[in-house]
Amino acid sequence: MERYYKIAGLTVSMDTFGITEERARKYLCEPTETVDMQVVSNWEAVKDRHPGFDANTGEYMSTAANFYKKLLDFEGMMLHSSTVVVDGRAYCFTADSGTGKSTHTDLWLKLFGERAYILNDDKPALRREGGVWYAYGTPWSGKHDISVDERVPLGGIACLNRAAENRIEPFSGTAAIGAIFKQLNRPRDPESRIKLLELLDKLIREVPVWQLHCNMDMEAAQIAYAAMSKGRKDQNG
């Protein structure tokens, strides 16, 4: 049955099932005549490409891909990241799976206590609204389903690498674009790819991006926050 949801500030209609329907419940809203997008699923095709997936996983992957493709029309994208909020600002930590994104943001929770929470632990939505970037929780929230239905100003993005010693530095140019691009939902059709690349260019230019080399000591969170909470311009003087 088709239901209505408020996701990333948009009214979304979606007929889904299983874990996707379960996780989307907190985003339910009243039926409305105005719908910003209709999310459709092609879970059978996902299962065909990934024979190990069950219908639940195929539905989850398919609805996420469709939502984030259509979000491009609203200056929005998905960034594969663990996103933590401290004092009303969101900080995204992105890297390949298994690098330690969630482990790092868990350090922030321990460091800041009640001042911090996880906005989304896997696929937050980033939207540019009135020239300002915001991060949103979404139903597509990773294996532990850690997500909050909120919009929070985006304070910065860190591309995380494992290292013996902790250090953080501003990250820009083609290296930063490449590191972030591979963590985005990348539609196959050329028109959507162009929209994504244009939006990524704005993100890189307008949001502080960092390269974080870190181990999993508490010092890693302290160093990351010290730089990211000030922003790139302040850090560079």
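It should be emphasised that the depicted structure is a prediction, and the values quoted were computed from it without experimental measurement.

1. A short note on the packing of helix 4 (residues 101-112) against helix 7 (residues 218-228)
No. 1: Close contact between helix 4 and helix 7 brings their axes to 9 Å; oriented N to C, the two are set at 85°. Overall, the two elements helix 4 and helix 7 adopt an arrangement that is roughly perpendicular. Along the contact surface, helix 4 presents His104, Leu107, Trp108, Lys110, Leu111 and Phe112, while helix 7 presents Met218, Ala220, Ala221, Gln222, Ala224 and Tyr225.
No. 2: In terms of residue class, the contact of helix 4 with helix 7 is made up of nine nonpolar, two polar and one charged.

2. Description of the pattern of salt bridges
No. 1: Applying the stated criterion across every chain, the model contains 15 salt bridges.
No. 2: One salt bridge in this structure joins glutamate 21 and arginine 3, with 2.9 Å as the shortest N-O distance. Of this pair, glutamate 21 sits in helix 1 (residues 18-24) while arginine 3 sits in strand 1 (residues 3-7), and the two are 18 residues apart along the sequence.
No. 3: Take arginine 3: its relative accessible area is 26%, and that puts it in the partly exposed class.

3. Overview of the side chain of asparagine 215
No. 1: Summarising the element assignment, asparagine 215 is placed in the loop between strand 12 (209-214) and helix 7.
No. 2: A distance of 2.9 Å separates the side chain of asparagine 215 from the backbone nitrogen of aspartate 217, its partner in a polar contact.
No. 3: Apart from residues lying up to four places away in sequence, asparagine 215 is in contact with Ala163, Ala164, Glu165, Asn166 and Ala220.

4. Re the side chain of threonine 20
No. 1: By the element assignment, threonine 20 lies in helix 1.
No. 2: In contact with threonine 20, other than residues within four places in its own chain, are Glu59, Tyr60, Thr63 and Trp140.

5. Examining the packing of aromatic side chains
No. 1: Scanning the model with the defined rule gives ten aromatic pairs in all.
No. 2: Measuring from ring centre to ring centre gives 5.4 Å for tyrosine 91 and tryptophan 108, while their planes differ by 45°; the resulting arrangement is tilted. Placement of the pair is tyrosine 91 in strand 6 (residues 89-94) and tryptophan 108 in helix 4, with a sequence separation of 17 residues.
No. 3: A relative accessible area of 3% places tyrosine 91 in the buried class.
No. 4: One aromatic cluster is present, formed by Tyr91, Phe93, Trp108, Phe112 and Tyr225 through successive ring pairs.
No. 5: Above the face of the tyrosine 134 ring, arginine 151 is positioned so that its terminal group lies 3.9 Å from the ring centre.
No. 6: Positioned above the aromatic ring of phenylalanine 181, the side-chain terminus of arginine 186 is 5.7 Å from the ring centre.

6. Regarding the confidence of the model for the protein chain
No. 1: In this model, the protein chain carries an average pLDDT of 93, and 97% of its residues clear a pLDDT of 70 or more.
No. 2: Segment residues 233-237 is flagged for pLDDT under 50; beyond a separation of four residues in sequence, or across chains, it makes four contacts in the model.

7. A few points about the sheet that holds strand 1
No. 1: Spatially, 1-2-3 is the arrangement adopted by the three strands of the open sheet, whose pairing is mixed. The outermost strands of the open sheet, each flanked by one partner alone, are strand 1 and strand 3 (37-39). Pairwise comparison of adjacent strand axes, ignoring direction, gives a mean angle of 35° for this sheet.
No. 2: Across five bridges, the pairing between strand 1 and strand 2 (residues 10-14) is antiparallel. Bridge pairing in strand 2 links lysine 6 to threonine 11.

8. Describing the nonpolar core
No. 1: By size, the foremost hydrophobic cluster in this structure holds 26 residues, and its most contacted members are Met77, Leu126, Leu154, Ile157, Ile180 and Leu203.
No. 2: Where this core is concerned, the elements lending two or more residues are strand 6, strand 9 (132-136), strand 10 (151-162), helix 5 (173-181) and helix 6 (190-206).
No. 3: Sort the elements by how many residues they give to this core and helix 6 lands first, with five residues.
No. 4: Not counting the four nearest positions on each side in its chain, leucine 126 is found in contact with Glu75, Gly76, Met77, Leu79, Cys92, Trp133, Tyr134, Ala135, Leu154, Ile157 and Leu203.
No. 5: One finds Ala95, Ala116, Ala220 and Met228 within the second-largest nonpolar core, a separate group that totals 22 residues.

9. Description of the environment of glycine 100
No. 1: Mapped onto the elements of the fold, glycine 100 is located in the loop between strand 6 and helix 4.
No. 2: Given a relative accessible area of 10%, glycine 100 falls into the buried group.
No. 3: On a C-alpha basis, the gap between glycine 100 and leucine 71 in space is 27 Å, while along the polypeptide they are 29 residues apart.
No. 4: Sequence-distant contacts of glycine 100, defined by excluding residues within four places in its chain, comprise Leu160, Arg162 and Met216.

Criteria and cut-off values
- Residues numbered from 1 in each chain as written.
- Predicted model: local features only at pLDDT ≥ 70, side-chain atom pairs only at ≥ 80, totals over all residues.
- Heavy atoms only, no water.
- Axes fitted to C-alpha atoms, helices over the stretch in contact; angles between N-to-C directions.
- Helix = DSSP H or I, 4+ residues; strand = E, 2+ residues; numbered from the N terminus.
- Parallel < 35°, antiparallel > 145°, perpendicular 65-115°, else oblique.
- Contact = heavy atoms within 4.5 Å.
- Nonpolar A, V, L, I, M, F, W, Y, C, P; charged D, E, K, R; others polar.
- Salt bridge = Lys/Arg side-chain N within 4 Å of Asp/Glu carboxyl O.
- Buried < 20%, exposed > 50% of the residue type's maximum accessible area, 1.4 Å probe, protein only.
- Polar contact = N/O pair within 3.5 Å; in protein donor to acceptor, adjacent residues only side chain to side chain.
- Phe/Tyr/Trp six-rings, centres within 6.5 Å; stacked < 30°, edge-to-face > 60°.
- Lys NZ or Arg CZ within 6 Å of the ring centre and 35° of its normal.
- pLDDT = per-residue confidence, 0-100.
- Pairing = 2+ DSSP bridges.
- Core = buried A, V, L, I, M, F, W, Y, C linked by side-chain atoms within 4.5 Å.

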